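Here are the chains, one letter per residue:
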Amino acid sequence: MIPMERLTWVSGSFTAHVVEARLRSEGIDAKLRGPVDGPYALTVGDMARVEIHVPAEQMDDARLVMLVDEVDATLAAPREWGGPEKVPGPWARGAAVTALLAAGLAPIVLYARLG
C-alpha cells in the first residue's frame, strides 16, 4: 500500500470533490477522508472538514498544483473589469411580456373555441 500524506483540508464535500478533480487532472492520485457524500450535507465547522490525501512521492507536485491555483485565483481580473453590467433593453422586456401574455391567453382562447 502506498503511504498517503495529508495535503490540505476543506469544508464540505463539494469543495473537496473540486480539489480532488483538479489534482486528478494533473495525474495526482488524491483520496478524500472525512464526511464525503454522507447523509448530512454539512458545509461549516469541524464536522464538515474533509481532508485531501496524496501519495508521499506526489506531495511536491500536489503542492505546486495548489499554489498555481491560488496564484491564478489571486491574479484573476476583478469582475468590474468586464465593463458595465448589461441590462435587457425595452424591446427585450416587451418581447418577454408579449410571450407571457400569449402563453397565458392561449388556454383561454382554445377553451372558448372548443366550448
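For the structure, check the block above.
**Section: the sheet that holds strand β2 (residues 31–33)**
Item 1. A sheet is described by the order of its strands in space; here 3 strands give the open sequence β1-β3-β2, paired in antiparallel fashion. At either end of the open sheet lies a strand with only one pairing partner, and these are β1 (4–11) and β2. Each neighbouring strand pair of the sheet contributes to a mean axis angle of 30°, computed without reference to strand direction.
Item 2. Sheet contacts for helix α2 (residues 59–75): β1 and β3 (49–55); angle to β1, the most-contacted strand, approximately 25°.

**Things to note about the side chain of His53**
Item 1. By the element assignment, His53 lies in strand β3.
Item 2. Polar side-chain contacts of His53 include one of 3.4 Å to the backbone nitrogen of Arg6.
Item 3. When neighbours within four sequence positions are excluded, His53 is seen to be in contact with Met4, Glu5, Arg6, Leu7, Asp29, Ala30, Lys31 and Arg33.

**Considerations on the pattern of salt bridges**
Item 1. What the rule picks out here adds up to 3 salt bridges.
Item 2. A single network of salt bridges, built from pairs that share partners, joins Arg22, Glu26 and Asp69.

**Quick notes on the nonpolar core**
Item 1. With 14 residues, the main nonpolar core has Leu7, Val10, Leu23, Ile28, Ile52, Val54 and Ala62 as its most contacted residues.
Item 2. At the level of elements, β1, α1 (13–25), β3 and α2 are the ones that each hand at least two residues to this core.
Item 3. Aside from chain neighbours lying at most four places away, what touches Val10 is Thr15, Ala16, Val19, Ala48, Arg49, Val50 and Ile52.

**Topic: the environment of Pro35**
Item 1. Position of Pro35 among the secondary structure elements: in the loop between β2 and β3.
Item 2. Taking C-alpha positions, Pro35 is 7.1 Å from Arg49, a pair spaced 14 residues apart along the chain.
Item 3. In this structure Pro35 touches Ser13, Met47, Ala48, Arg49 and Val50, once residues within four positions along its chain are discounted.

**Some details on the packing of α1 against α2**
Item 1. Relative to each other, α1 and α2 sit at 115°, their axes nearing to 10 Å. Regarding α1 and α2, the two cross each other, and that crossing is right-handed. For the pair formed by α1 and α2, the contact residues are Val19, Arg22 and Leu23 on the first element and Ala62, Val65, Met66 and Asp69 on the second.
Item 2. Across the contact of α1 with α2, the residue classes tally to 5 nonpolar, no polar and 2 charged.

**Concerning α1**
Item 1. The end-to-end C-alpha distance of α1, which contains 13 residues, comes to 18 Å, matching closely the 18 Å that a straight helix rising 1.5 Å per residue would cover.
Item 2. Taken residue by residue, α1 has Ala16, Val19, Glu20 and Leu23 as its buried positions. All buried residues of α1 project into a common sector of 100° when viewed along the axis, lining one side. Along α1, exposed side chains directed more than 90 degrees from the buried face belong to Phe14 and Ser25.
Item 3. Summarising the contacts, the buried residues of α1 are in contact with β1, β2, β3 and α2.

**Re the environment of Pro55**
Item 1. Its place among the elements puts Pro55 in strand β3.
Item 2. Given the relative accessible area of 2%, Pro55 is considered buried.
Item 3. Between the alpha carbons of Pro55 and Val36 there is a distance of 19 Å; along the sequence they are 19 residues apart.

The rules we used
Throughout, a residue's number is its position along its own chain's written sequence, starting from 1. Per-residue local features of the predicted model are confined to residues with pLDDT of at least 70, and side-chain atom pairs are confined, for both listing and counting, to 80 or more; whole-chain, interface and lining totals are unaffected and use all residues. Processing note: side-chain calculations cover all non-hydrogen atoms of the structure and skip hydrogens and water entirely. Each pair of strands is called paired provided DSSP finds at least two bridges between the two strands. In this description a helix means any DSSP run of H or I spanning at least four residues, a strand means any run of E spanning at least two, and both kinds are numbered starting from the N terminus. The convention used is that axes are lines fitted to C-alpha atoms, helices contributing only their stretch in contact, and that angles between N-to-C directions extend from 0 to 180 degrees. The contact definition used throughout considers only heavy atoms, calling two residues in contact when any of these lie within 4.5 Å. Counting of polar contacts relies on pairs of N or O atoms within 3.5 Å, with two restrictions inside protein: one atom must be capable of donating a hydrogen and the other of accepting it, and residues adjacent in sequence are counted only when both atoms are side-chain atoms. Take a side-chain nitrogen of Lys or Arg and a carboxyl oxygen of Asp or Glu: if they are within 4 Å of each other, that pair is a salt bridge. Residues grouped as a nonpolar core are buried Ala, Val, Leu, Ile, Met, Phe, Trp, Tyr and Cys residues, joined through side-chain atoms within 4.5 Å. Accessible area is worked out with a 1.4 Å probe on protein chains only. A residue is then buried under 20% of its type maximum, exposed over 50%, and partly exposed in between. Here a crossing is called left-handed whenever its near helix is offset anticlockwise from the far helix by less than a right angle, and right-handed whenever the offset is clockwise. Each residue gets one label: Ala, Val, Leu, Ile, Met, Phe, Trp, Tyr, Cys and Pro are nonpolar, Asp, Glu, Lys and Arg are charged, and the others, such as Gly, are polar. Expected helix span is given by 1.5 Å per residue-to-residue step, counting one fewer step than there are residues. Taken from the helix axis, the directions to the C-beta atoms give the arc we talk about.

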